[in-house]
Amino acid sequence: MTPFTPPSALRSPWGRPCRWIWSLVACAGLVGIVPAAVQDSVGPLLDQALAWRDPGPGWAAPGQRFVDRFAEGLEGIDARRGAAAEDPQLWRLALLCATFDDGRRKLGDGPCPRLAAAGRAVLDDLQRGAGARAFKGWLLADVLVSGPDGSGPAPDVVERELALSLALARPAPGLKTALLTVARRGRDPLQAQALDALADWCRRFGADEAVDRCLVQQLSRGMKPGGARHPMTLLLRRIEGCQAPLGPQAADALEARLRTMVIQADWRQPARAIRLLGALPLEGRVGVLLDALVIWDRRARGEKRYAGLVRTRSDLSRALQELSGKRFGPEPGPWIDWWVDVRLGRELRPGSPEFEARRRAREEEPGSSASFFGLRPDSDRVTFVIDISGSMSNRWGTTQTTRFEEAVDQLVRFLQAAPKDTRFNVILFNQAPLVSSVSLVEASAENLARARESLLARTPGGGTNPRLAIERALLLDTAGQPDLDALEADTVIVLCDGATDEGSAWVKPFLDRVLPLYPIRFHSVLIGAEGDGTLRALAEQSGGRYRRVGG
């Protein structure tokens, strides 16, 4: 019996005496009595490592000196040449030992850094040695693509995660196939990581039709219950991270999917679809938008009311406006005429050099008389997030009105000019948010009068922390995800008059997490010239408008 005999071999009627023998032999190994050849024998080392990975009842953690002696045996192996370089047992041993610095795998009271370092050193040698090609193929075929259940001696999740990181660090033939295999397994614990790698494939290795098709297919699967991200985030990363167009089959599949999404009654689906339209060629983008605009125009004329109808029609017409430079509004007729003229050559084709030169020469869109500090109504479900910090008591320009009073007056006028059946609520903020109503209320004359009176009864004071108010506007749960069932607003208008307490660094990760799940749009108004970028980032990253005004 050697110090590397698995403890499972000692579970017998002679278990207690054998454990004493085990300890004595282990101690002998520590002082050099056991021949060195034992430490160099890969098979016994692997058996022992597997026993440490999956200890059974009555297992006792080995002492540190014994573990160090074990690591010495692994450190003494030359993995770059000879039979060791092509020994699958050594490959598995090194991979397994390298995982003992993972927080999920302990040896005794905690991780074992020396054993993990020895394993990682052998892995590094294997990737550089004579058997590197065979080793990398084994990582992909026998570890990464192995069954996800991790039963018996098969590689478990921790080992497979390490194999995935090694494969991505030094790509080898077969990596794409392995990632696609794992990505298509709905219950594989590594599916999300494989999809992340595929989303970055174009940026790292160039466009690939099979990868693009896989990412498009994720859209039809929707979010998993309790999921933290929408599948569209993967395709957005592919589109925004790599300028190469989608493969033709992937583009056709995406167009068909977007045609379905953009006419769904839940306004979030059209909003997501419009964000993905940039992956299609011009004909596909315009075709999807025009067909959807016709359907939503028909719905607007019908008796049934659709939540988010105003927002969706505005999104569609804005997308066409950005393509064409025209401002025809939500009626489909003028847009159809424009596209016919483009096809006949009577209008410049978007994207052509002449068209882009004319676009750059256009003046900015003029403001609207019915606006909130120049922001025009384009939604019928709005949450206002209004600064009530101490500086909002300053005078508005040369008037006798305070900044806060001016904000309230413009809010009321904005809602009076908003589309019929508009619903709203207001969240005031200084150090903490103050909510006027948990749910949205109708913008009736009675409710607007009540809101104006209630708001003007407040006295500005305190600091400036819009983040908590914005999180409250989206009804974030304890995991930081929006309450998709309770949320009603599709637009948030934020007004602030200076630098915020937290700065702007939180905005991008916040929106990256929230927008795919709930594509809300932020419009922002900054009073004065001392902003810190928070309001601009909220608007620009969500597709909204940013305004800076004096006062």
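Structure's up top.
First, a word on scope: everything that follows refers to the structure included in this document. In this convention, every chain numbers its residues from 1, walking through the sequence in written order. With the structure being a predicted model, the display of local features is reserved for residues of pLDDT at least 70 and the display and counting of side-chain atom pairs for 80 or more, all residues being used for whole-chain, interface and lining totals. With hydrogens and water excluded, all non-hydrogen atoms of the structure serve as input to the side-chain values.

Some points on the overall build of the protein chain
Then, in step 1: A tally of helices and strands in the protein chain yields 24 helices and seven strands.
Then, in step 2: Buried residues in the protein chain amount to 50% of all 551 residues.
Then, in step 3: Between two residues, a contact is recorded if the distance between any of their heavy atoms is within 4.5 Å. Within the protein chain, residue pairs in contact and separated by at least 24 positions form 69% of the contacts whose partners lie at least 6 positions apart.
Then, in step 4: All accessible-area figures derive from a Shrake-Rupley calculation using a 1.4 Å probe, and residue coverage is judged against the displayed protein chains alone. For the protein chain, the accessible surface area stands at approximately 25,300 Å², while carbon and sulfur atoms represent 51% of it. Strands here mean DSSP runs of E at least two residues long; helices mean DSSP runs of H or I at least four residues long; both are numbered from the N terminus. Burial here depends on accessible area, computed with a 1.4 Å probe over protein chains only, as a share of the maximum for the residue type. Under 20% is buried, over 50% is exposed, and the range in between is partly exposed.

Concerning unusual backbone geometry
Then, in step 1: Unusually for a residue other than glycine, Asp421 sits at a positive phi of about 70 degrees.
Then, in step 2: Mapping Asp421 onto the fold places it in the loop between helix H20 (403–416) and strand S2 (423–429).
Then, in step 3: Since its relative accessible area comes to 37%, Asp421 is described here as partly exposed.
Then, in step 4: Despite not being glycine, Leu475 has its phi angle at roughly 50 degrees, a positive value.
Then, in step 5: With respect to the helices and strands, the residue Leu475 is situated in the loop between helix H22 (466–473) and strand S5 (491–496).
Then, in step 6: A relative accessible area of 23% places Leu475 in the partly exposed class.

With respect to the nonpolar core
Then, in step 1: Counting residues in hydrophobic clusters, the biggest one holds 59 residues, and the most contacted among them are Leu198 and Leu254.
Then, in step 2: Here the element with the most residues in this core is helix H16 (residues 282–301); it accounts for eight residues.
Then, in step 3: Counting residues in each nonpolar core, the second largest holds 37 residues, with Leu46, Ile77, Ala94 and Leu162 among its members. Note on terminology: a nonpolar core comprises buried Ala, Val, Leu, Ile, Met, Phe, Trp, Tyr and Cys residues joined through side-chain atoms within 4.5 Å.

What about a nonpolar patch on the surface?
Then, in step 1: Judged by side-chain polarity, Ile336, Val340 and Leu344 come together as a nonpolar surface patch covering roughly 250 Å² of accessible area.
Then, in step 2: Looking at the element boundaries, Val340 is found in helix H18 (residues 332–344).
Then, in step 3: For Val340, a relative accessible area of 38% puts it in the partly exposed group. Exposure above 30% relative accessible area and no salt bridge define the residues that can form patches, which grow by joining like charges within 9 Å and nonpolar side chains of Val, Leu, Ile, Met, Phe, Trp and Tyr within 5 Å. Whenever Lys or Arg places a side-chain nitrogen within 4 Å of a carboxyl oxygen from Asp or Glu, that contact is recorded as a salt bridge.

Notes on the side chain of Ser524
Then, in step 1: Of note, Ser524 is situated in strand S6 (residues 521–527).
Then, in step 2: For Ser524, a relative accessible area of 0% puts it in the buried group.
Then, in step 3: As used in this structure description, the phrase polar contact means that two N or O atoms lie within 3.5 Å; if the pair is within protein, one of them must be able to donate a hydrogen and the other to accept it, and residues adjacent in sequence are counted only when both atoms belong to side chains. Within polar-contact distance, the side chain of Ser524 engages the backbone oxygen of Leu535 at 3.0 Å.
Then, in step 4: In this view, Ser524 contacts Leu375, Val494, Leu535, Leu538, Ala539, Arg545, Tyr546 and Arg547; residues no more than four positions away in its chain are not counted.

Here's the deal with helix H3 (residues 42–53)
Then, in step 1: In this model, H3 (12 residues) spans 16 Å end to end at C-alpha, consistent with the 16 Å of a helix rising 1.5 Å per residue.
Then, in step 2: All of the buried residues along H3 are Val42, Gly43, Leu45, Leu46, Gln48, Ala49, Leu50, Ala51, Trp52 and Arg53. For a helix, the expected span equals 1.5 Å multiplied by the residue count minus one.

Let's talk about the layout of surface pockets
Then, in step 1: Site definitions follow a grid-based scheme: protein atoms alone, a 1 Å grid, a 1.4 Å probe that fits but cannot get out for cavities, and for pockets an open set with protein on both sides within 12 Å along at least five of seven lines, plus lining residues having an atom within 4 Å of a point. Grid points are joined across faces, edges and corners, and a volume is the space filled by probe spheres set on the points. Of the pockets and cavities examined, the second largest pocket occupies roughly 660 Å³.
Then, in step 2: Taken together, 24 residues line the second largest pocket, and the ones lying closest to its centre are Ile274, Arg275, Ala319, Glu322 and Gly543.
Then, in step 3: Sort the elements by how many residues they give to the lining of the second largest pocket and helix H17 (residues 309–324) lands first, with six residues.
Then, in step 4: Amino acids outside the nonpolar list (Ala, Val, Leu, Ile, Met, Phe, Trp, Tyr, Cys, Pro) and the charged list (Asp, Glu, Lys, Arg) are all regarded as polar, and Gly is one of them. For the lining of the second largest pocket, the per-class residue count stands at 11 nonpolar, four polar and nine charged.

Observations regarding the state of the cysteines
Then, in step 1: Sulfur atoms of two cysteines make up a disulfide when they are within 2.5 Å. Counted according to the given criterion, the structure contains one disulfide.
Then, in step 2: Disulfide partner of Cys202: Cys242, at an S-S distance of 2.0 Å. Here the residue Cys202 occupies a position in helix H11 (residues 201–205), and Cys242 occupies one in the loop between helix H13 (232–241) and helix H14 (248–261), the gap between them amounting to 40 residues. Residues Cys202 and Cys242 agree in their burial class; the two are buried.

Points about the packing of aromatic side chains
Then, in step 1: In this scheme Phe, Tyr and Trp rings, the latter by its six-membered ring, pair at centre separations within 6.5 Å, and the angle between planes marks the pair as stacked below 30 degrees, edge-to-face above 60, and tilted otherwise. Under the defined criterion, the tally for this structure stands at 17 aromatic pairs.
Then, in step 2: Plain terms: the ring middles of Phe135 and Trp138 are 6.0 Å apart, the flat faces sit at 25 degrees to each other, and that makes the pair stacked. Taken together, the positions of Phe135 and Trp138, both in helix H7 (residues 132–144) and three residues apart, correspond to about one turn of that helix. The same class applies to Phe135 and to Trp138, which are both buried.
Then, in step 3: Centroid distance Phe328 to Trp335: 4.8 Å. Interplanar angle 70 degrees. Geometry classified as edge-to-face.
Then, in step 4: With relative accessibility at 0%, the residue Trp335 sits in the buried group.
Then, in step 5: Through a chain of ring-to-ring contacts, three or more aromatic side chains come together here, namely Phe372, Phe373, Phe384, Trp396 and Phe414.
Then, in step 6: Over the aromatic face of Phe100 sits the side chain of Arg105, whose NZ or CZ is 5.8 Å from the ring centroid. Only when the NZ of Lys or the CZ of Arg is both within 6 Å of the ring centre and within 35 degrees of the ring normal is a charge said to sit over the ring.

Section: empty space enclosed by the protein
Then, in step 1: Counted by the stated rule, this structure contains one cavity of 30 Å³ or more.
Then, in step 2: The computed volume of the largest cavity comes to approximately 40 Å³.
Then, in step 3: Lining the largest cavity, in full, are Gln127, Lys136, Leu139, Leu140, Leu166, Ala167, Arg170, Pro171, Ala172 and Leu175.
Then, in step 4: With three residues, the top contributor of residues to the lining of the largest cavity is H7.

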